[in-house]
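Given next are the chains, with one letter for each unit.
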Amino acid sequence: MEKISAVVIDDEINSVKLLIRFIKKYCPEVEVIGEAYTKKDAISLINTKQPNILFLDVRLDVGLSFDLLNELTYKNAKIIFVTAYDEYAVKAFKYNAIDYILKPINIDELVVAVENAIEDIKKDIYTSDEQLNRTHDSILDTKYEFNFIAIPTIKRIDFVSIKDIIYLKSDGRYTFLHLINDKNIIATRNLGEYESTLNPSVFFRIHKSYLANLNFVTSIFKGDGFYCEMKNGEQIPVARRRVEFLLDLVNSK
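Quantities reported herein were computed from a predicted structural model and do not represent experimental measurements.

How each quantity is defined
Residues numbered from 1 in each chain as written. Predicted model: local features only at pLDDT ≥ 70, side-chain atom pairs only at ≥ 80, totals over all residues. Heavy atoms only, no water. Buried < 20%, exposed > 50% of the residue type's maximum accessible area, 1.4 Å probe, protein only. Helix = DSSP H or I, 4+ residues; strand = E, 2+ residues; numbered from the N terminus. Pairing = 2+ DSSP bridges. Core = buried A, V, L, I, M, F, W, Y, C linked by side-chain atoms within 4.5 Å. Contact = heavy atoms within 4.5 Å. Axes fitted to C-alpha atoms, helices over the stretch in contact; angles between N-to-C directions.

Describing the pairing of strand β10 (residues 184-187)
Side chains Ile 185 and Ala 187 project from β10 onto a buried face, and the interleaved Asn 184 and Ile 186 project onto a face without burial. Taken together, the four bridges between strand β9 (residues 174-179) and β10 define a ladder with antiparallel strand orientation. Paired with Leu 177 across the bridge in β10 is Ile 185. Linkage of β9 to β10, two consecutive antiparallel strands, is achieved through a turn of four residues, within which Asn 181 is found at a positive phi near 60°.

Quick word on the nonpolar core
Buried together is how nonpolar side chains tend to be arranged in soluble globular proteins. Membership of the largest hydrophobic core comes to 24 residues, with the highest contact counts inside it found for Val 30, Ile 53, Phe 55, Ile 80 and Leu 110. Breaking this core down by element, the ones donating at least two residues are β1 (4-9), α1 (13-26), β2 (30-36), β3 (53-56), β4 (78-83) and α5 (107-138). Beyond its immediate chain neighbours, meaning those up to four positions away, Val 30 contacts Ile 4, Ala 6, Ile 23, Ile 53, Val 114 and Ile 118.

As for the sheet that holds strand β13 (residues 217-222)
Strand order in the open sheet made by the three strands is β13-β14-β15, with antiparallel pairing throughout. Lying at the two open borders of the sheet, with one neighbouring strand each, are β13 and β15 (235-238). Strand-to-strand twist in this sheet, taken as the mean axis angle between neighbours without regard to direction, amounts to 30°.

As for helix α2 (residues 39-49)
Buried residues of α2: Lys 39, Ala 42, Ile 43, Leu 45 and Ile 46, and no others. Elements that come into contact with the buried residues of α2 comprise β1, β2, β3 and α3 (65-71). Trailing α2 by a residue or two, Gln 50 shows a phi angle of about 50°, which is positive.

Printed below as a string of structure tokens:
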């Protein structure tokens, strides 16, 4: 399994640096991929990096971090609060927090919280892998008849030719459809609904956030990670554990 990614959000620089030092020393399976000190920077960082774990102080430069959580489009991170304020614990667990650690940080509490977060993440991956294996075993013989799909947007329903969809990208409760001729549509449904609707021998979940039309894949290569290059020149990530399935499907076409 790849390292678990994490970001640290706190408006005190020294607190961020100390927590990162503890994570590196006592939680080696976790890699801190970013840090932020303001609400604005935190929202951008989390939505862009999409970490597995979010270490979060309750109070930020403007207001409480619950406001930050409400504004995120990416909501799949496991949340561990690390704070000096004990009065927000009840509210924190309403946001499905893994743990609520009070400063000064107790190392044993930090390790337990991280282990619980990783256990939840692995359960999510195991469930997803089971579904992936079942899909992979059956998709090559599956027949699909439809040519168009109805895409509900905020103002209307668009009818899109399936062959024009290059890939779909998750954005929280929404899905971005990238089409030929540089057209894009924002759908008001999540990516999982399209994964269950579209022909899985053509549209493959190459990453937790991406569903790719294999007819548009021109190459698969490894740089800092695995990537697909699409016919429109875009590069989209491939999860390491899905590469073998992807290659099987591409070779069978």
